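Here are the chains, one letter per residue:
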There are 2 protein chains.
Amino acid sequence: MSTGYGYDRAVMHQQPIGLVLTRTSRAVSRAFDERLAAAGGSLPVWLILLALKTQPARSQSELAGAVGIRGATLSHHLDGMEAAGLVTRRRDPASRRTSLVEMTEAGTQLFLRLREAAVAHDKRLRAGLSDEEVAHLAALLATLAANVTS
Amino acid sequence: MSTGYGYDRAVMHQQPIGLVLTRTSRAVSRAFDERLAAAGGSLPVWLILLALKTQPARSQSELAGAVGIRGATLSHHLDGMEAAGLVTRRRDPASRRTSLVEMTEAGTQLFLRLREAAVAHDKRLRAGLSDEEVAHLAALLATLAANVTS
DNA sequence: TATTGTTATACTCTATAACTATA
DNA sequence: TATAGTTATAGAGTATAACAATA
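The residue count restarts for each chain, going from 1 along the sequence in the order it is written. Chain letters start at A and ligand numbers start at 1, both assigned in the order the entries are written. Whole-chain, interface and lining totals are the exception, using all residues; otherwise, since this is a predicted model, local features are given only for residues with pLDDT of at least 70 and side-chain atom pairs are given and counted only at 80 or more. Side-chain descriptors were evaluated using all non-hydrogen atoms of the structure, hydrogens and water having been removed beforehand.

## Description of the sheet that holds strand E2 (residues 87–92) of chain A
Residues and elements named next belong to chain A.
Phase 1: A sheet is described by the order of its strands in space; here three strands give the open sequence E1-E3-E2, paired in antiparallel fashion. Strands at the two margins of the open sheet, each flanked by one partner only, are strand E1 (58–59) and E2.
Phase 2: Strands qualify as paired when DSSP identifies two bridges or more between them. Where helices and strands are cited, they refer to DSSP runs of H or I of at least four residues and of E of at least two residues respectively, numbered from the N terminus. As defined by bridge partners, E1 adjoins strand E3 (residues 95–103) across two bridges and the pair is classed as antiparallel. Across the sheet, the residue bridging to Ser59 is Leu100, located in E3.

Here it is in structure tokens:
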């Protein structure tokens, strides 16, 4: 019997999808980490800069939520990023216990380099896949994510 | 214009597929880690036991390759697993510098518990997806993995 | 000399708990 | 009291380099 995708039922159930996802994600993450490191960054730094770029001057709690890490973990990364001159922290005038994180010029420069690395990584990932297939993949992944968070 | 998947081109390119994969994989991995921990294991322990189950009495270098980690990292995990009574290491009679890793009865018991957790995780992941969609997802992920390793 | 595995050491990411400053 | 963020500490996973044993 044909599934319409070129796989029969015997093959389809060979590997749990969670295992396939874990292995793929490990391989792909490792490749991405290498590219980011070569460009002078890391995954958390990239995710933090990306979150800041899409919505500048965020409070740390918002930022931690956007990146998917705890506040203390974010503090840890921001310490390094601030020391490296990538971001600044200043108190929110409206509430002095909130701190607003902003990207510096050097942060923007690194962001651009990391974005290049991310774009190159993405191009490599998409090889052999049509836009439709990539869109379908994104939709399937979104379903998986929803399944574990609900 | 319709792509046939219910997504139009404007939506399709909103998010790089690498980012979607990273985020999905983080969320899914975290959920899986929690299940494995609740069952008394961890991801590396699960992957090592799984590799041993599918091909018993492997040398450590084979095992490290199958799991996707370095030899020294495997030694580290095996130390803990051996101390916990999950595996044994014995010298290969054919070549005394090679060590064969075997699962103990306790290792088998843990393997079964972790497999239960993995099956439950997989069932949850598949919610709302047909067998055909899961098979297609697996094929797409295989393409991504091939793209970064080639 | 080359290979298998171990040991020593260290790095990154993450977390929890206790703390400070502010509201 | 409650909240935003920091600091101290720790644990898991991984890695490289130097080493020992064996081939």
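## As for the relation of the copies chain A and chain B
Phase 1: We superpose the copies by least squares over the C-alpha atoms of residues that have a pLDDT of at least 70 in both of them. Taken as rigid bodies, chain A and chain B are interconverted by a rotation of 179° and an axial shift of 0.0 Å, the fit giving an RMSD of 0.1 Å. Such a turn and shift between the copies fits a two-fold axis.

## Observations concerning the protein's contact with DNA strand D
Phase 1: If even one non-hydrogen atom of a residue comes within 4 Å of a molecule or strand, that residue is called near it. A:Arg26, A:Gln60, A:Ser61, A:Ser75 and B:Arg96 are the nearest of the 22 residues found near DNA strand D.
Phase 2: Of all atoms in DNA strand D that approach within 4 Å of the protein, 71% are sugar or phosphate atoms.
Phase 3: Here a polar contact is taken to be a pair of N or O atoms separated by no more than 3.5 Å, where protein atoms must pair a possible hydrogen donor with a possible acceptor and residues adjacent in sequence count only if both atoms sit in side chains. In the model, a phosphate oxygen of DNA strand D is placed 2.7 Å from a nitrogen or oxygen of the A:Arg26 side chain.
Phase 4: Residue A:Arg89 places a side-chain N or O atom 2.9 Å away from a phosphate oxygen belonging to DNA strand D.
Phase 5: Element by element, the count of residues in the surface near DNA strand D is highest for helix H5 (residues 71–83) of chain B, at four residues.
Phase 6: Residue composition of the surface near DNA strand D, by class: four nonpolar, eleven polar and seven charged. Basically, the charged four are Asp, Glu, Lys and Arg, the nonpolar ten are Ala, Val, Leu, Ile, Met, Phe, Trp, Tyr, Cys and Pro, and anything else, Gly included, counts as polar.

## Thoughts on the pattern of salt bridges
Residue and element names in this part refer to chain A.
Phase 1: What counts as a salt bridge is simple: a side-chain nitrogen of Lys or Arg found within 4 Å of a carboxyl oxygen of Asp or Glu. Summed over the entire model, instances satisfying the criterion amount to ten salt bridges over all chains.
Phase 2: Close ionic contact of Arg89 with Asp79 constitutes a salt bridge, the shortest N to O distance being 2.6 Å. With Arg89 in strand E2 and Asp79 in helix H5 (residues 71–83), this pair connects stretches of sequence that are ten residues apart.
Phase 3: By relative accessible area, Asp79 is classed as partly exposed at 44%.
Phase 4: Notably, a salt bridge pairs Arg126 with Asp122, separated by 3.5 Å at the nearest N-O pair. Of this pair, Arg126 and Asp122 both sit in helix H6 (residues 105–126), separated by four residues, roughly a single helical turn.
Phase 5: The buried category is assigned to Asp122, whose relative accessible area is 8%.
Phase 6: Salt bridges here are not isolated pairs; linked through shared partners, they connect Asp79, Glu82 and Arg89. Throughout this description, buried means an accessible area under 20% of the type-specific maximum (1.4 Å probe, protein chains only), exposed means over 50%, and partly exposed covers the range between.

## Looking at unusual backbone geometry
Phase 1: A positive phi is found at A:Ala57, a non-glycine position, where the angle reads about 55°.
Phase 2: Turning to its location among the elements, A:Ala57 is positioned in the loop between helix H3 (43–54) and E1.

## As for the protein's contact with DNA strand C
Phase 1: Close to DNA strand C lie 22 residues, the nearest being A:Arg96, B:Arg26, B:Gln60, B:Ser61 and B:Ser75.
Phase 2: Sugar plus phosphate, as a fraction of atoms of DNA strand C within 4 Å of the protein: 72%.
Phase 3: Within the side chain of B:Ser61, a nitrogen or oxygen atom sits 2.7 Å from a phosphate oxygen of DNA strand C.
Phase 4: No other element matches the four residues that H5(A) contributes to the surface near DNA strand C.
Phase 5: Here the surface near DNA strand C is built from residues that sort into four nonpolar, eleven polar and seven charged.

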